[in-house]
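Take a look at the letters that make up each chain.
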Amino acid sequence: MYLCNRWYVAAWNHELGDKPLARTIMDEPIVFFRDADGNPVALEDSCAHRYMALSEGKIIDGCIQCPYHGLEYDATGACVTVPGQAKVPPGAGVKSYPVVERYRYIWIWTGEPDKADAALIPDFHWNDDPDWVAVGDYFYVKGSYRLLIDNLLDLSHVAYVHATTLGTDGVANFPVKVSREEDKVHVERWIFDEPAPPMFKMVGGFKDDDAVDRWQLIHYQEPSHFMIDVGCAVAGSGATDGDRSQGVTMFSNHTLTPETERSTHYFWHHARNFRLDEPELTEKLAKATSTAFGEDVIIIETQQDRMERAGPKKAIIDINADAGVLQASRMLDGLIEAEG
Ligand code: FES
Ligand SMILES: [Fe+2]
């Protein structure tokens, strides 16, 4: 049910401090910590001796000590110390996972370790690029990552779900254009000559009766990464031709990591490239985006509940706005099937 030979975000890098972090990813319990040089480590969170969770233990000189009988494991997962005996039993160790710290995230490769090429990590430079200021957070979601993928590929929902931040009435009346690359689906919507939504009024100085041209350019990269270019410019000022000088641009980026088939680690950051030295604005944007994406979490968890109660007996229908959703879903299903 998962695409394993891929990079997923396991944590924000600030989550790895001097205590172990326990996180289940694709049904596998994993413990994260830093070795003596500060490099991130991910190990199977189950002791080779009697299954105790290593994440309940201590980090000692870059190794992790099981809290039950004190066996210690190094960054490769090899057991290096067994209290009361000089020799470590041959083969004693736990599984280790390739991990990389990049763009303020800790990335994990959940598939075959020899295929883990850091060059395949998707580009989320906005999260630590000095030309941008990003706010972001983590949500634990009691719902499938597939529902979140659908949510992020169809932004017509902003009119209904995010009325106080990102929504305006007319959004769904403007059709989307969908295109596909080998590993990407692009869903692009332009909204012409409409009022700006509340968040853009706040950051771009647009007034209630100002008309703007607005864009939602969704770039989905399989399995579950989203770079979403959103913005508004004075109506007719040339934004469609690439002139954004009379407008504002933000990147709303999201990445989803399955915990189980019915729960998700949801990481997001929201970046702007204007008014960089205004911490108050950063604070306001952090609040507004957290409110907005929190609204999606409520939708997803409710959907998950209704799906589970309905069981497979209830068919679903599709509408025009699902064009991108269906393309991405087909792409991901195909890749999962091919990986076997
Ligand atoms: S269960 Fe870990 S040392 Fe015994
Ligand atoms: Fe949303």
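What you are looking at is a predicted structure, and each value in this text was computed from that prediction instead of being measured.

The rules behind each value
Residues numbered from 1 in each chain as written. Chains lettered and ligands numbered in written order. Predicted model: local features only at pLDDT ≥ 70, side-chain atom pairs only at ≥ 80, totals over all residues. Heavy atoms only, no water. Helix = DSSP H or I, 4+ residues; strand = E, 2+ residues; numbered from the N terminus. Rg over C-alpha atoms; globule rule 2.2 N^0.38 Å. Buried < 20%, exposed > 50% of the residue type's maximum accessible area, 1.4 Å probe, protein only. Contact = heavy atoms within 4.5 Å. Donors = N, O, S within 2.8 Å, 3.2 Å for Na, K, Ca; no water. Tetrahedral: all angles 85-135°; square planar, octahedral: opposite > 155°, others 65-115°. Axes fitted to C-alpha atoms, helices over the stretch in contact; angles between N-to-C directions. Left-handed = near helix turned anticlockwise from the far one by under 90°. Core = buried A, V, L, I, M, F, W, Y, C linked by side-chain atoms within 4.5 Å. Domains from an automatic or database assignment. Pairing = 2+ DSSP bridges. Expected span 1.5 Å × (residues − 1). Arc of directions from axis to C-beta. Disulfide = S-S within 2.5 Å. 1 Å grid on protein atoms, 1.4 Å probe; cavity = no way out; pocket = protein on both sides within 12 Å on 5 of 7 lines; lining within 4 Å. Points joined across faces, edges and corners; volume = space filled by probe spheres on them. Nonpolar A, V, L, I, M, F, W, Y, C, P; charged D, E, K, R; others polar.

A. Quick peek at the overall build of the chain. For the chain, the count of helices and strands is five helices and 18 strands. A globule of 340 residues ought to have a C-alpha radius of gyration of about 20 Å, and the chain, at 22 Å, matches this closely. When each of the 340 residues of the chain is scored for burial, the buried share is 50%. Across the chain, contacts joining residues at least 24 apart in sequence account for 60% of those joining residues at least 6 apart.

B. Highlighting the coordination of the iron ion (ligand 2). Looking at the iron ion (ligand 2), the protein donor atoms are His157 (NE2), His162 (NE2), Asp296 (OD) and Asp296 (OD), and they sit 2.1 to 2.3 Å from it. Classification of the site at the iron ion (ligand 2) as irregular follows from its four donor atoms and the range of 58 to 144° in their angles at the metal. Spacing between the donor residues of the iron ion (ligand 2) along the chain follows H-x4-H-x133-D. One end of the pair, His157, is in the loop between helix H1 (145-153) and helix H2 (158-161); the other, Asp296, is in helix H4 (residues 279-310), with 139 residues separating them in the sequence. Like Asp296, His157 is buried.

C. Representation of the packing of H1 against helix H5 (residues 323-339) in the model. Where H1 contacts H5, the axes come no closer than 9 Å and their chain directions differ by 145°. H1 and H5 meet at a crossing whose hand is right-handed. Side by side, H1 and H5 meet where Tyr145, Arg146, Ile149, Asp150 and Leu153 of the first sit next to Gly324, Val325, Ala328, Ser329, Leu332, Asp333 and Ile336 of the second.

D. Examining the nonpolar core more closely. In terms of nonpolar packing, the biggest core is built from 62 residues, with Phe32, Ile108, Leu153, Tyr220, Phe226 and Tyr266 touching the most fellow members. With seven residues, the top contributor of residues to this core is H4. Counting the residues that make up this core, at least three belong to each of domain 1 (7-120) and domain 2 (125-339). Non-local contacts of Ile108, meaning those with residues more than four positions away in its chain, are made with Arg6, Trp7, Tyr8, Ala10, Ile25, Ile30, Phe32, Ala42, Tyr97, Pro98 and Val99. Formed by 18 residues, the second largest nonpolar core is a distinct cluster that contains Ile121, Met227, Phe251 and Ala271.

E. How the structure looks around the sheet that holds strand E10 (residues 99-102). One open sheet holds the three strands; their spatial order is E1-E11-E10, and the pairing between them is antiparallel. The outermost strands of the open sheet, each flanked by one partner alone, are strand E1 (7-12) and E10. Recorded for the sheet is a direction-independent mean angle of 30° between the axes of neighbouring strands. Two strands pair when backbone bridges link them, and E1 and strand E11 (residues 105-109) are joined in this way by five bridges, in the antiparallel orientation. Across the sheet, Tyr8 pairs through a bridge with Ile108, a residue of E11.

F. Spatial organisation of the sheet that holds strand E5 (residues 58-60). Judged by pairing direction, the sheet is antiparallel, and its four strands sit side by side in the order E5-E6-E7-E8 without closing on themselves. The open sheet is flanked by E5 and strand E8 (79-81), the only strands paired with a single partner. As paired elements, strand E7 (residues 72-73) and E8 share two bridges and run antiparallel to each other. If you follow Glu72 over to E8, its bridge partner there is Thr81.

G. Geometry of H5. Given a rise of 1.5 Å per residue, 17 residues ought to cover 24 Å, and the 25 Å separating the end C-alpha atoms of H5 matches this to within 8%. Along H5, the residues classified as buried are Gly324, Val325, Ala328, Met331, Leu332 and Ile336. All buried residues of H5 fall inside an arc of 135° around its axis, so they share one side. For H5, exposure combined with an orientation more than 90 degrees from the buried face picks out Arg330, Glu337 and Ala338. Buried residues along H5 sit against H1, strand E13 (177-180), strand E14 (184-195) and strand E15 (211-221). Just downstream of H5, Gly340 is the residue with a positive phi angle, here 75°.

H. Fine view of the state of the cysteines. Tallied over the full model, the rule gives zero disulfides. Left unpaired, Cys79 is separated from the closest cysteine sulfur, that of Cys47, by 7.3 Å.

I. Main features of empty space enclosed by the protein. Overall, the coordinates contain one cavity of 30 Å³ or more when judged by the stated rule. Within this model, the largest cavity holds a volume of roughly 180 Å³. Residue lining of the largest cavity: 18 residues in total, with Leu155, Val158, Leu166, Val230 and Ser252 positioned closest to the centre. For the lining of the largest cavity, the secondary structure elements donating two or more residues are H1, E15, strand E16 (225-234), strand E17 (247-260) and H4. Ranked by residue count, the leading element in the lining of the largest cavity is E15, at three residues. Across the lining of the largest cavity, the residue classes break down as nine nonpolar, seven polar and two charged.

J. Spotlight on the pairing of E17. Across the 14 residues that make up E17, a large majority, 12, are buried. Where E16 lies against E17, nine bridges are found, and the strand directions are antiparallel. Of the residues in E17, the one forming a bridge with Val230 is Met250. When E17 meets strand E18 (residues 263-272), the two strands line up antiparallel, connected through 10 bridges. Paired with Ser252 across the bridge in E18 is His270. Between the antiparallel neighbours E17 and E18 lie two residues.

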